[in-house]
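These are the residues of each chain, in order.
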Amino acid sequence: MLRIVARIALTVCLLSCMSVSLMAQQAVSPQAPEVSIEQQGLNQGSPAKQQELRDQQAWQAFKDDHPGWRAWFNEQTGMPHRAYGAPIAVDGNALKTKARNALAQVLAPFNLNKKQLKLTNTRQGPNFQYVTYQQEYQGKPVFTSGVNLRFTPDGELTQFSLDYYPAISAVPAEKLSDKAAVQAATADLKANVSTTAVTDQEKVVPTNGDFRLAKEVVVKGNSTE
């Protein structure tokens, strides 16, 4: 039997309309040291929808200043999931300063609310430097969100990812107890569960165009399949 670690986002709503999003991994591979848009594939999703998103004013305004850049869009958010092109010079000396200036200047057409972006990581890779932000709404992390910037060793922007939700309206609903959350999270899990843990911090979870408050349940055990 394979040991699994399942991390479950449980939407906090009425028991009659609970929604569970499950991500389970039987094995976790090490993170690749470098990520390149060329290896991600620009043809994923609907070609018609991708073209519609490329025709948006924000991307066209960015392209006016930076011709030759390409992007693959997140069709749920309408924002570039991966964009890359010729290196763009950014003001500043320190990496964090360059990242802030990139958000305020280079990525200005996308109207990111910088008050919703929390710096979570800076990293020096073999060939590039990385800065990562997570989106927050009213102090709560937004599930699956992330703004990632990739810089050359000289501090020029070469790639960005805007998994950012431009319009969030999260309305708290009746909250589930930890016991009910665990029961819902493990109900259809094909595993012998050994431990469960409910995180204290609520998250904002996108669900088919809406946003719900959620708790995260971590389940550990052995797969029965």
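Rules and cut-offs
- Residues numbered from 1 in each chain as written.
- Predicted model: local features only at pLDDT ≥ 70, side-chain atom pairs only at ≥ 80, totals over all residues.
- Heavy atoms only, no water.
- Helix = DSSP H or I, 4+ residues; strand = E, 2+ residues; numbered from the N terminus.
- Buried < 20%, exposed > 50% of the residue type's maximum accessible area, 1.4 Å probe, protein only.
- Phe/Tyr/Trp six-rings, centres within 6.5 Å; stacked < 30°, edge-to-face > 60°.
- Contact = heavy atoms within 4.5 Å.
- Core = buried A, V, L, I, M, F, W, Y, C linked by side-chain atoms within 4.5 Å.
- Salt bridge = Lys/Arg side-chain N within 4 Å of Asp/Glu carboxyl O.
- Pairing = 2+ DSSP bridges.
- Polar contact = N/O pair within 3.5 Å; in protein donor to acceptor, adjacent residues only side chain to side chain.

1. Thoughts on the overall build of the protein
Reasoning step 1: Across its full length, the protein holds four helices and 12 strands.
Reasoning step 2: For the protein, the residues scored as buried account for 44% of the 225 residues in total.

2. Some remarks on the packing of aromatic side chains
Reasoning step 1: Here the structure, examined in full by the defined rule, presents eight aromatic pairs.
Reasoning step 2: Residues Trp59 and Phe73 carry aromatic rings whose centres are separated by 5.7 Å and whose planes lie at 85° to one another, so their mutual orientation is edge-to-face. Taken as a pair, Trp59 in helix α2 (residues 57–65) and Phe73 in strand β3 (residues 70–73) lie far apart in primary sequence, 14 residues in all.
Reasoning step 3: A ring pair is formed by Phe62 and Phe160, whose centres lie 5.4 Å apart and whose planes are at 80°; its orientation type is edge-to-face. Linking Phe62 in helix α2 with Phe160 in strand β9 (residues 157–163), this pair joins segments that are 98 residues apart in sequence.

3. Quick notes on the side chain of Thr152
Reasoning step 1: Structurally, the position occupied by Thr152 is in the loop between β8 (146–151) and β9.
Reasoning step 2: Exposure remark for Thr152: the relative accessible area of 11% places this residue in the buried category.
Reasoning step 3: Beyond its immediate chain neighbours, meaning those up to four positions away, Thr152 contacts Pro87, Phe128, Gln129 and Thr158.

4. Quick word on the nonpolar core
Across soluble globular proteins, nonpolar side chains show a tendency to be buried alongside one another.
Reasoning step 1: Membership of the largest hydrophobic core comes to 28 residues, with the highest contact counts inside it found for Leu149 and Phe160.
Reasoning step 2: Leave out the neighbours within four places in its chain, and Leu149 touches Ala99, Ala102, Leu103, Leu107, Gln129, Tyr130, Val131, Tyr133, Leu157, Gln159 and Phe160.

5. Things to note about the pattern of salt bridges
Reasoning step 1: The full count for this structure, using the stated rule, is three salt bridges.
Reasoning step 2: Glu136 is paired through a salt bridge with Lys118; the nearest N and O atoms lie 4.0 Å apart. Here Lys118 lies in strand β5 (residues 117–124) and Glu136 lies in strand β6 (residues 129–137), a separation of 18 residues in the sequence.
Reasoning step 3: On the basis of relative accessibility, which here comes to 18%, the residue Glu136 falls in the buried class.

6. Notes on the pairing of β3
Reasoning step 1: Pairing of β3 with strand β4 (residues 80–88) involves four bridges; the strand directions are antiparallel. Note that in β4 the partner of Arg70 across the bridge is Tyr84.
Reasoning step 2: If you look at the hairpin formed by β3 and β4, you'll find six residues sitting between the two strands, and Gly78 has a positive phi there, around 80°.

7. A short note on the side chain of Lys203
Reasoning step 1: Tracing the chain through its elements places Lys203 in strand β11 (residues 203–207).
Reasoning step 2: Separated by 3.5 Å, the side chains of Lys203 and Glu216 make a polar contact.
Reasoning step 3: Setting aside its immediate chain neighbours within four residues, Lys203 contacts Pro141, Phe143, Arg212, Leu213, Ala214 and Glu216.

8. Quick look at unusual backbone geometry
Reasoning step 1: Despite not being glycine, Gln138 has its phi angle at roughly 50°, a positive value.
Reasoning step 2: Inspection of the secondary structure assignment puts Gln138 in the loop between β6 and β7 (140–141).
Reasoning step 3: Note on Gln138: relative accessible area 63%, which makes it exposed.
Reasoning step 4: In the Ramachandran plot, Thr144 falls in the positive-phi region, its phi being about 70° despite a non-glycine side chain.
Reasoning step 5: Positionally, Thr144 belongs in the loop between β7 and β8.

9. Considerations on the environment of Ser46
Reasoning step 1: Turning to its location among the elements, Ser46 is positioned in the loop between β2 (20–25) and α1 (47–54).
Reasoning step 2: For the pair formed by Ser46 and Glu75, sequence separation is 29 residues and the distance between their alpha carbons is 8.6 Å.

10. Considerations on the pairing of β5
Reasoning step 1: Where β5 lies against β6, seven bridges are found, and the strand directions are antiparallel. Of the residues in β6, the one forming a bridge with Arg123 is Tyr130.
Reasoning step 2: The turn joining β5 and β6, which pair antiparallel and follow one another in sequence, is formed by four residues.

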